[in-house]
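As a plain string of letters, each chain reads:
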Amino acid sequence: MKLLIRNGFVFDPQNGIDGEKMDIAIQDGRIVESVNPSEAVTIDASNMIVMPGGVDLHSHIAGAKVNAGRLLRPEDHYKDVEIKTSITRSGVGHSIPSTFTTGYRYARMGYTTVFEPATAPLKTLHTHEELNDIPILDKACFPLFGNNWIVMEYLKENRVEECAAYIAWMLNAVKGYAIKIVNPGGVEAWGWGKGIKSLDDQVPYFEITPREIIRGLCKVNKLLNLPHPIHVHCNNLGKPGNYRTTIETMDCISDLATDDKPIIHVTHVQFTGYGGVDWASLASGADKIAKYVNAHRHVTLDLGQIIFTDTTTMTADGPFQYQLYLLTGNKWINSDVEAETGAGVVPMRYRRNNYVHAVMWAIGLELALLVKDPWRVFMTTDHPNGGPFTAYPRVISWLMSREVRRKILAKVPRLARVRTNLSAIDREYTFYEIAIVTRAGTAKILGLKNKGHLGIGADADIAIYNINPNEVDPSKDYKKVRRAFRNAAYTIKDGEIIAKDGEIIKVPNGRTYWSKPEVRADLMDAMKAILVKKFEDYYTVKLENYYIPERCLVQSNPINVKASL
């Protein structure tokens, strides 16, 4: 199929294009230099914005904990229904949409790629089954390694190369994309009735610290040459004063950076950016985190912005979810995954008139506005933890308009304004910067070479928004910005129009990316010989039942990487 998008205002930061009026040509699912207009379907994008398709690097959309959340919260769904059409299937969901609804709603906003950031390896077949069900989007998932018994044993003995071989095997076995670390060591310690308060506390029975786990897995990541840095959910999430742990986490691997390339991505930092010493003194620590990030090139962040709404929190950080259950008294679910990790689910409502919630809201925006380089801070709500991904247009308007931020600040508790810095920040994002934090930057840090840009040869994943940047002032007309990003005029996936003015008109399957590291054969053989015995000792499943065949992925897209081993 040939497609020609004409006269749009193009924002393509990877290629340095900042609102130039130009044409985009597409053939066979790729961006090409030109097509014959008489042979192509033409879209008149005059007075509209053209961007690469959105790329979300952290959104909990599939897997065991997501499904547990759906079961826990029927009240989340019944008022929010996705009506069946001749093209689409029915569905439900506000903060935890059903699989089909997830694909449709992302596509309507112009998003074409979304990564699930936390899957217990043992439960990843379930994750892939749900990812298979999500239409349109390209996807991937990050297996959890921060509390894995075998990882901790290898790293305790400083057997980094063997640990790298094990993780290469695991990524291949469960078809995972990158290394995810959640509350390193802390989930395991909690399982023994203990706690982890600092990077140098020891994990019971494993005699290893969070610092050693983070450093070891960072070394593993570098040895395997994986496409994405270690993806870290810090210790002490959700605790007043935890900004210090966040900075300490970023700094503990700073000596491993050898160039300007980031080696750690710290996720949903709003939840780990708190100052103060208790809930009564809670304040923003965003300025201190931003200062560190501005001075160090080895780090990237995403926001975990909260939305004032009802939502569902879910994380592998079981200890945090237990504390949240104690704080709120809400119903909850907790789970342990043998030898690997844990998880919890707790409903949550963020209220504008709640002092703590107002501080949290300000911290996320402060991080986005105080980190100077938009290529190193990305827009997320940590869906659904901070709020549903469908609130992204609202977050975009907050980033682009000082006026709307001040209107909201005027309605939050006075103490929240005093203990945060947002009211003093005048910065407003441009459309170019929005394109970085929602697609170009996220694609780059994920190592997706054909995503997030509109250069020749790129995947023809494109969003067209009905807004004229020469006529609309996002600072004043933030409601127009919000409306435009809520329903893209056109969403194009692999060169095909799949959504138009908020209506889904085509439902293709998306790819599932996974990393396939190539490791020296003798090292892999030695590791596997030991792994058989460890499975016998630690798991209730057999090793031969653990492997997920590639045929279980509807559209498998392995990324071959050559390890330095």
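Residues numbered from 1 in each chain as written. Predicted model: local features only at pLDDT ≥ 70, side-chain atom pairs only at ≥ 80, totals over all residues. Heavy atoms only, no water.

**Overview of helix H10 (residues 318-328)**
In step 1: All of the buried residues along H10 are Gly318, Pro319, Phe320, Gln321 and Leu324.
In step 2: Buried positions along H10 lie against helix H6 (186-191), strand E17 (310-315), strand E18 (333-337) and strand E19 (341-349).
In step 3: Count one or two residues on from H10 and you reach glycine 329, which has phi positive near 75°. (Buried < 20%, exposed > 50% of the residue type's maximum accessible area, 1.4 Å probe, protein only. Helix = DSSP H or I, 4+ residues; strand = E, 2+ residues; numbered from the N terminus. Contact = heavy atoms within 4.5 Å.)

**Observations concerning the sheet that holds strand E11 (residues 180-182)**
Adjacent strands of a sheet form backbone hydrogen bonds with each other and so pair up, either parallel or antiparallel.
In step 1: Across the sheet, which stays open at both edges, the five strands sit in the order E11-E12-E13-E16-E20 with parallel pairing between neighbours. Only two strands of the sheet have a single partner each, and these edge strands are E11 and strand E20 (377-378).
In step 2: Pairing geometry for strand E16 (residues 299-302) and E20, over two bridges, is parallel. Along E20, the bridge assignment pairs leucine 301 with valine 377. (Pairing = 2+ DSSP bridges.)

**Quick notes on a positive patch on the surface**
In step 1: A surface patch of like charges, here positive, comprises Arg394, Lys479, Lys480, Arg483 and Arg486.
In step 2: Its relative accessible area of 51% is what places lysine 479 among the exposed residues. (Patch = residues over 30% accessible without salt bridge, like charges linked within 9 Å, V, L, I, M, F, W, Y side chains within 5 Å. Areas by Shrake-Rupley, 256 points an atom, 1.4 Å probe, with all protein chains shown as cover. Salt bridge = Lys/Arg side-chain N within 4 Å of Asp/Glu carboxyl O. Lys, Arg positive; Asp, Glu negative; His and termini not counted. Charge placed at Lys NZ, Arg CZ, Asp CG, Glu CD.)

**A word on helix H11 (residues 355-370)**
In step 1: Between its first and last C-alpha atoms H11 spans 22 Å; for 16 residues at 1.5 Å apiece the expected length is 22 Å, and the two agree.
In step 2: Of all 16 residues in H11, 15 are buried, a share of seventy percent or more.
In step 3: If you check the start of H11, you find a side-chain oxygen 2.9 Å away from the backbone N of valine 356, and it comes from asparagine 354. (Expected span 1.5 Å × (residues − 1). Polar contact = N/O pair within 3.5 Å; in protein donor to acceptor, adjacent residues only side chain to side chain.)

**Considerations on the sheet that holds E17**
In step 1: What the three strands build is an open sheet, ordered E17-E19-E18; its pairing is antiparallel. With one partner strand each, in any of the chains shown, E17 and E18 form the two edges of the open sheet. Each strand axis lies, on average, 15° off the axis of its neighbour in the sheet, ignoring direction.
In step 2: Relative to E19, E17 runs antiparallel, the two sharing six bridges. In the sheet register, methionine 314 faces E19, and the bridge partner there is valine 345. (Axes fitted to C-alpha atoms, helices over the stretch in contact; angles between N-to-C directions.)

**A look at unusual backbone geometry**
In step 1: The omega torsion across histidine 383 and proline 384 is 0°, close enough to zero to call that bond cis.
In step 2: Tracing the backbone shows proline 384 in the loop between E20 and helix H12 (392-400).

**Some words on the side chain of glutamine 270**
In step 1: Take glutamine 270: it is sitting in the loop between strand E13 (264-266) and strand E14 (274-275).
In step 2: Glutamine 270 sits in the buried class, given a relative accessible area of 0%.
In step 3: Within the structure, glutamine 270 has its side chain in polar contact with the side chain of tyrosine 274 (distance 2.9 Å).
In step 4: Contacts of glutamine 270, omitting those with residues within four sequence positions, involve Leu303, Gly304, Ile306, Met360, Ile363, Gly364 and Leu367.

**Let's talk about the nonpolar core**
Proteins that are soluble and globular tend to have nonpolar side chains buried together.
In step 1: Counting residues in hydrophobic clusters, the biggest one holds 140 residues, and the most contacted among them are Tyr166, Ile167, Trp169, Leu217, Leu224, Leu301 and Trp361.
In step 2: Residues within four places of tyrosine 166 in sequence aside, it is in contact with Asn148, Ile150, Val151, Tyr154, Met527 and Leu531. (Core = buried A, V, L, I, M, F, W, Y, C linked by side-chain atoms within 4.5 Å.)

**Description of the packing of aromatic side chains**
In step 1: Here the structure, examined in full by the defined rule, presents 25 aromatic pairs.
In step 2: Ring centres of tyrosine 154 and tyrosine 166 lie 6.4 Å apart, and the angle between their planes is 45°; on these two criteria the pair is classed as tilted. Of this pair, tyrosine 154 sits in helix H4 (residues 149-156) while tyrosine 166 sits in helix H5 (residues 160-174), and the two are 12 residues apart along the sequence. In this pair, the class of tyrosine 154 matches that of tyrosine 166, namely buried.
In step 3: The ring of tryptophan 514 is capped by lysine 175, whose NZ or CZ atom sits 4.9 Å from the centre of that ring.
In step 4: Geometry around tyrosine 111 places arginine 439 over its ring, the cationic atom sitting 5.8 Å from the centre. (Phe/Tyr/Trp six-rings, centres within 6.5 Å; stacked < 30°, edge-to-face > 60°. Lys NZ or Arg CZ within 6 Å of the ring centre and 35° of its normal.)

**Re the environment of leucine 282**
In step 1: Relative to the helices and strands, leucine 282 is located in the loop between E14 and strand E15 (283-284).
In step 2: For leucine 282, a relative accessible area of 0% translates into the label buried.
In step 3: Linking leucine 282 and valine 359, residues 77 residues apart in sequence, is a C-alpha distance of 7.6 Å.
In step 4: The contacts of leucine 282, once residues within four sequence positions are left out, are Pro240, Tyr274, Gly275, Tyr355, Val356, Val359 and Arg419.

**Topic: empty space enclosed by the protein**
In step 1: Inspection of the entire model under this criterion finds three cavities of 30 Å³ or more.
In step 2: Quantified by volume, the largest cavity comes out at close to 120 Å³.
In step 3: Around the largest cavity, the lining is made up of 15 residues, and of these His233, His268, Thr315, Asp382 and Asn385 lie nearest the centre.
In step 4: Among the secondary structure elements, those contributing two or more residues to the lining of the largest cavity are E11 and E17.
In step 5: Considering each element in turn, the lining of the largest cavity owes the most residues, three residues, to E17. (1 Å grid on protein atoms, 1.4 Å probe; cavity = no way out; pocket = protein on both sides within 12 Å on 5 of 7 lines; lining within 4 Å. Points joined across faces, edges and corners; volume = space filled by probe spheres on them.)

Without other data, these values stay purely geometric and don't point to any function.
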